[in-house]
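The residues making up each chain are set out below.
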Amino acid sequence: MLATLSRVKSPRFLSPEILLGYILGQEVGRKTVTLLSHSLPVSAAWRQKVTAGTRDVSTTCTLCAKVRGNPKKKELSEKKLTRHFVDHRRVKLIAGSGGKGVSSFHSEPRKEWGGPDGGNGGDGGSIIMKADKFVKSLAQVFPIYKGEDGQAGGSKNCYGKNGSANYISVPVGTVVKEEGEAVADLSEHRQEYLAVFGGAGGKGNRFFLSNENRAPMKATPGVMGQERVLQLELRTMAHAGLVGFPNAGKSSLLRAISNARPAVAAYPFTTLNPHVGIVNYRDHEQVAVADIPGIIQGAHLNRGLGISFLRHIERCRFLLYVLDLSSPEPWTQLVHLRYELDQYEPGLSLRPQVIIANKMDLPEAREKLEILKSHVTQRVIPVSALTGQNTEELILHLRELYDGYLQGEGSGEDKPTRW
């Protein structure tokens, strides 16, 4: 070992790890040659080559090693989230057709007139939509679905195999429409809707055996499966919805009161799809708050993001109007927001609500807050999503609205939504 150290000319900046790896490689090479020399004839040239340096030995060290560990997962940008999030789909569903019946007669030695033994065909597979709370978007739903066909019958009274049912997983809150009319509302986990029926299997000639006809030749084909074109619309399931104009600070407010992390930037229409954040309380109760993308004047006429996101407000039990105190007249925003909601669905703006005056950290916010309170009769909660000012009052009032919702819905037929 000392002789090896004396032969190695260590550079000025040679790392101790590299030097140790080189010495270990020399020792491994020598032992390998010694073992091979006892078992196999080894040429002197090859032995000299191996002894002079390392062969098939990895000198791992800190400088050469790959950096290990779990790097922090990067958050998806709003553009990539929009690419993955889909809230409407047009789907063509074709159920499986039934298998055809068979016309055959039993034949074996010493039994010439065995009679008909043609079996029936199997039924076609149906297509079923199933709500799944772990699915958050309609992006995984394909445009066309085809059910499995039933197998044909066989001789010796063998029936064909039925086609297996095809399940389509959709998010909770999906509304199924046909020609503009809602036919199903999947608002609960594991709720199912039989979209198309599979065709019935055909009958074999054994089915038509009777006292009048002892040798029927008739066999029927299977029935074609049902075919429908449906529209799927996802409406976000949340207790409260943040409603406001673009760049009012809705995403920043959702970040301040929950663990959600929507994109935030200093330009309008930063949020291109709804985000849902969960507000946790000490008694382990949870309230879901949805960040609805910005609404502009004429949204009910499908301007801007329009109707595609107004429908998400339908599911919200109470509304949180977010007003921007940096605008010249923030009280006019409330009038326009209520008008757009009522034009989309009459009475939508009359749900339990609270007015949130955001951006209280600005110098001119105090004066505009007093003017705003003189124009409205509802409760106004001044907050600053940037600094977190007075967000505790908002969270407590949110719980009051939620408790009132539980008492009102608990006495009715509908079950209150819990997270």
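Residues numbered from 1 in each chain as written. Predicted model: local features only at pLDDT ≥ 70, side-chain atom pairs only at ≥ 80, totals over all residues. Heavy atoms only, no water.

K.L.:
Just checking my understanding: could you explain the confidence of the model for the chain for this structure?
P.N.:
In regions of low pLDDT, the predicted coordinates are not meant to be interpreted in detail. Of the residues in the chain, 70% reach a pLDDT of 70 or more, and the chain-wide mean stands at 77. Per-residue pLDDT stays below 50 along residues 1-6; that stretch engages in 4 contacts with residues further than four places along the chain or on separate chains. Every residue in residues 76-83 scores below 50 in pLDDT, and together they form 12 contacts with partners more than four places removed in sequence or on other chains. (pLDDT = per-residue confidence, 0-100. Contact = heavy atoms within 4.5 Å.)

K.L.:
Where do I start with the sheet that holds strand 10 (residues 275-280) in this structure?
P.N.:
For sheets, the rule is that strands pair by backbone hydrogen bonds, running either parallel or antiparallel. Read from one edge of the open sheet, 6 strands run 10-11-9-12-13-14, paired in mixed fashion. Strand pairing shows two members of the sheet lacking a second neighbour, strand 10 and strand 14 (380-382), which therefore form its edges. Across this sheet, the average inter-strand angle for adjacent strands is 25 degrees, counted without regard to direction. The strands touched by helix 7 (residues 330-344) within the sheet are strand 9 (240-243), strand 12 (318-324) and strand 13 (353-358), with strand 12 carrying the most contacts at an inclination of about 145 degrees. (Pairing = 2+ DSSP bridges. Helix = DSSP H or I, 4+ residues; strand = E, 2+ residues; numbered from the N terminus. Axes fitted to C-alpha atoms, helices over the stretch in contact; angles between N-to-C directions.)

K.L.:
Quick question: what am I supposed to make of helix 8 (residues 365-375) here?
P.N.:
Structural remark: α-helix, 3.6 residues per turn; residues separated by three or four positions point the same way. Among the residues of helix 8, Ala-365, Lys-368, Leu-369 and Leu-372 are the ones counted as buried. Seen from one end, helix 8 has its buried residues packed into an arc of 105 degrees, which puts them on one side. What points out from helix 8, more than 90 degrees from its buried face, is the exposed set Arg-366, Glu-367, Glu-370 and Ser-374. For helix 8, the secondary structure elements touched by its buried residues are strand 12, helix 7, strand 13 and strand 14. (Buried < 20%, exposed > 50% of the residue type's maximum accessible area, 1.4 Å probe, protein only. Arc of directions from axis to C-beta.)

K.L.:
Just to check I follow, could you spell out the packing of aromatic side chains for this structure?
P.N.:
The geometry of two aromatic rings is summed up by the distance between their centres and the angle between their planes. Inspection of every chain in the model, using the stated rule, returns 3 aromatic pairs. A ring pair is formed by Tyr-402 and Tyr-405, whose centres lie 6.2 Å apart and whose planes are at 45 degrees; its orientation type is tilted. Pair noted here: Tyr-402 and Tyr-405 are both in helix 9 (residues 391-410), with a separation of 3 residues, about one helical turn. You can call Tyr-405 buried: its relative accessible area is 8%. Taking NZ or CZ as reference, Arg-399 lies 5.1 Å from the ring centre of Tyr-281, over its face. (Phe/Tyr/Trp six-rings, centres within 6.5 Å; stacked < 30°, edge-to-face > 60°. Lys NZ or Arg CZ within 6 Å of the ring centre and 35° of its normal.)

K.L.:
Where do I start with the pairing of strand 2 (residues 127-132) in this structure?
P.N.:
Side-chain direction in a regular strand flips from residue to residue, so the side chains alternate between the two faces of the sheet. Across the 6 residues of strand 2, 5 count as buried, placing the element largely inside the fold. With 6 bridges connecting them, strand 2 and strand 4 (residues 166-171) associate as parallel partners. If you follow Met-129 over to strand 4, its bridge partner there is Ile-168. Note that strand 2 and strand 7 (residues 192-196) share 4 bridges and pair antiparallel. Along strand 7, the bridge assignment pairs Lys-130 with Glu-192.

K.L.:
Is there a simple way to explain the pattern of salt bridges in this structure?
P.N.:
With the rule as written, the count across this model stands at 8 salt bridges. Across the pair Lys-146 and Asp-149 runs a salt bridge, and its minimum N-O distance is 3.1 Å. The partly exposed category is assigned to Lys-146, whose relative accessible area is 44%. Three or more residues joined by partner-sharing salt bridges are found here, namely Asp-283, Arg-399 and Asp-403. (Salt bridge = Lys/Arg side-chain N within 4 Å of Asp/Glu carboxyl O.)

K.L.:
What is the right way to read the nonpolar core from this model?
P.N.:
Proteins that are soluble and globular tend to have nonpolar side chains buried together. Of all hydrophobic cores here, the largest spans 27 residues; its most connected members are Ile-313 and Leu-372. Contributions of two or more residues to this core are made by strand 11 (286-291), strand 12, helix 7, strand 13 and helix 8. No other element matches the 4 residues that helix 7 contributes to this core. Those residues in contact with Leu-372 that sit more than four places away from it in its chain are Leu-323, Leu-325, Trp-331, Ala-357 and Val-380. Core analysis: the second largest hydrophobic core is formed by 25 residues, Ile-257, Val-354, Val-383 and Leu-394 among them. (Core = buried A, V, L, I, M, F, W, Y, C linked by side-chain atoms within 4.5 Å.)

K.L.:
It is not clear to me how the environment of Phe-134 should be interpreted in this structure. Could you clarify?
P.N.:
The residue Phe-134 is located in the loop between strand 2 and strand 3 (144-146) in this model. We classify Phe-134 as exposed; its relative accessible area is 65%.

K.L.:
Which parts of the structure should I look at to understand the side chain of Asp-132?
P.N.:
Here Asp-132 shows up in strand 2. Here Asp-132 is buried and forms no salt bridge, its nearest opposite-charge partner Arg-190 lying at an N-O distance of 7.0 Å. Those residues in contact with Asp-132 that sit more than four places away from it in its chain are Ser-169, Val-170, Pro-171, Val-172 and His-189. (Lys, Arg positive; Asp, Glu negative; His and termini not counted.)

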